[in-house]
Amino acid sequence: MTYRVAVVGATGNVGREMLQCLAQRAFPVSEVVALASDRSVGREVSFGEDDELSVRDLAKFDFKGFDIALFSPGAKVSAVHAPRAAAAGCVVIDNTSHFRMDPDVPLVVPEVNGHAIARHTKRNIIANPNCSTIQLVMALKPLHDEARIVRVVVATYQSVSGAGKEAMDELFGQTRGIYVNEPVVNQLFTKQIAFNVIPHIDVFMDDGATKEEWKMAVETRKILDPDIKVAATCVRVPVFIGHSEAVNVEFDEPFSEQDAREAWAGMPGVAVVDHRADDGYVTPVECAGEDDVYVSRVREDPTVANGLSFWVVADNLRKGAALNAVQIAEALTDTRPAIAAA
Ligand SMILES: NC(=O)c1ccc[n+]([C@@H]2O[C@H](COP(=O)([O-])OP(=O)(O)OC[C@H]3O[C@@H](n4cnc5c(N)ncnc54)[C@H](OP(=O)(O)O)[C@@H]3O)[C@@H](O)[C@H]2O)c1
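To keep things clear, this report deals only with the structure shown in the data block. Along each chain, numbering runs from 1 in the same order as the chain's sequence is written. In keeping with the predicted nature of the model, local features appear solely for residues at pLDDT of at least 70, side-chain atom pairs appear and are counted solely at 80 or more, and the whole-chain, interface and lining totals rest on all residues. With hydrogens and water stripped out, all remaining heavy atoms of the structure feed into the side-chain values.

**Quick look at the nonpolar core**
What counts here: What makes a nonpolar core is a set of buried Ala, Val, Leu, Ile, Met, Phe, Trp, Tyr and Cys residues whose side-chain atoms join them at distances within 4.5 Å. Exposure categories follow from relative accessible area, calculated using a 1.4 Å probe and restricted to protein chains: below 20% of the type maximum is buried, above 50% is exposed, and the middle band is partly exposed. A helix here means a DSSP run of H or I that spans at least four residues, while a strand means a run of E at least two residues long, and both kinds are numbered starting from the N terminus. Only heavy atoms enter the contact rule, under which two residues are in contact if any of them lie within 4.5 Å.
Grouped together as the largest cluster of nonpolar side chains are 58 residues, with contacts concentrated most on Phe63, Leu143, Val152, Trp264 and Phe310. No other element matches the 7 residues that helix H4 (residues 131-146) contributes to this core. Beyond its immediate sequence surroundings of up to four residues, Val152 is in contact with Leu136, Leu140, Ile228, Lys229, Val230, Ala231, Val247 and Asn248. Within the second largest apolar cluster, 34 residues are counted, among which are Tyr3, Leu19, Leu22 and Ala325.

**Notes on the sheet that holds strand S10 (residues 229-233)**
Note the following rule: Whether two strands pair comes down to DSSP finding at least two bridges between them. Note on geometry: axes are lines fitted to C-alpha atoms, helical ones only across the stretch in contact, with angles between N-to-C directions running from 0 to 180 degrees.
Strand order across the open sheet formed by 6 strands is S10-S9-S11-S14-S13-S12, with mixed pairing between neighbours. If you trace the sheet from one side to the other, it starts and ends with S10 and strand S12 (270-272), each paired once. Direction aside, the axes of adjacent strands within the sheet are offset by 25 degrees on average. Inspection of the sheet shows strand S9 (residues 149-157) paired to strand S11 (residues 243-251) by 8 bridges, in the antiparallel sense. Its bridge partner lying in S11, Val152 is registered against Val249. On the sheet, helix H6 (residues 211-223) packs against S9, S10 and S11 and is oriented at approximately 155 degrees with respect to S10. Helix H7 (residues 257-265) contacts S12, strand S13 (293-301) and strand S14 (307-314) of the sheet and is inclined by roughly 160 degrees relative to S13.

So, in structure tokens, the structure goes:
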């Protein structure tokens, strides 16, 4: 069985990575089309080592006859075109925030709640969680299976690629400019991002949290457990690829560091690298291009009852976005490669 697949937002950070994941994991395609805005029509994007796809205009594309559409064109564009694709009979896997909290749309990390995929039939849409949520729930799930998590406090260190290709250009341009004494120009970010950190991702909400912080809390509850309390602080850092998180967890019963290590050992897609030596932990530079979610700096937190602290790092464009979407497509079509099913 082979599938006709559309990649929407194919010229963007996530879309290009989706094409790469489809090719690398040999997803059984009979046809792949690359779609973006009318600005990109005719541009070429790579599909695997040898193929180039000519970009077509999303607005003029008819999804009839296509089996799966992987969407990452931004929330406003998905809001208009994902339902159009779904109505044409194509299952949409959407990377934007638009449908995530819709009760009729499953929000899925296959290793965590793959069973929820079956509930996609109402709208023909499956949502991919926020990049920071994905790596957090990957690390929390095996712990929560062993001892109930009551509360999570998380601070993120999010790379600029999470804000799109223009954000990467802004970090590059500012960094280069500062070395040659050019004035710093902020276009996408609200403050200078080069040699700085910005505690502000997405818009502010009425309670003082940012929408990114709200997303981490509500998405974690939708995927893992509606009772988990999550306090998040989301920070943009001058890193190109790879999100990091400092996580503090409180359980409702004693749960040791050793218990946590044993729980993670059985979790596909999570690797613990934690040697308490100079290079015995993972940083974002090392996880770029990797599929796993890496856990380091594991230790009990003696300042609260049943507390555990750790560090978690993942490639936000792969497991945080494109890879997760392709894994959903594999689960949907039951074409998971042996490596992912293990
Ligand atoms: N980056 C991440 O880590 C990450 C993780 C999870 C989710 N997401 C979400 O995924 C989405 C895309 O992120 P990104 O990082 O790939 O952004 P990006 O690099 O800025 O790419 C945006 C893509 O959307 C396309 N697009 C924009 N307006 C369009 C329109 N009117 N019609 C059709 N296509 C349009 C762009 O095409 P043109 O080149 O033609 O403008 C481009 O292909 C966002 O909603 C983001 O929140 C991102």
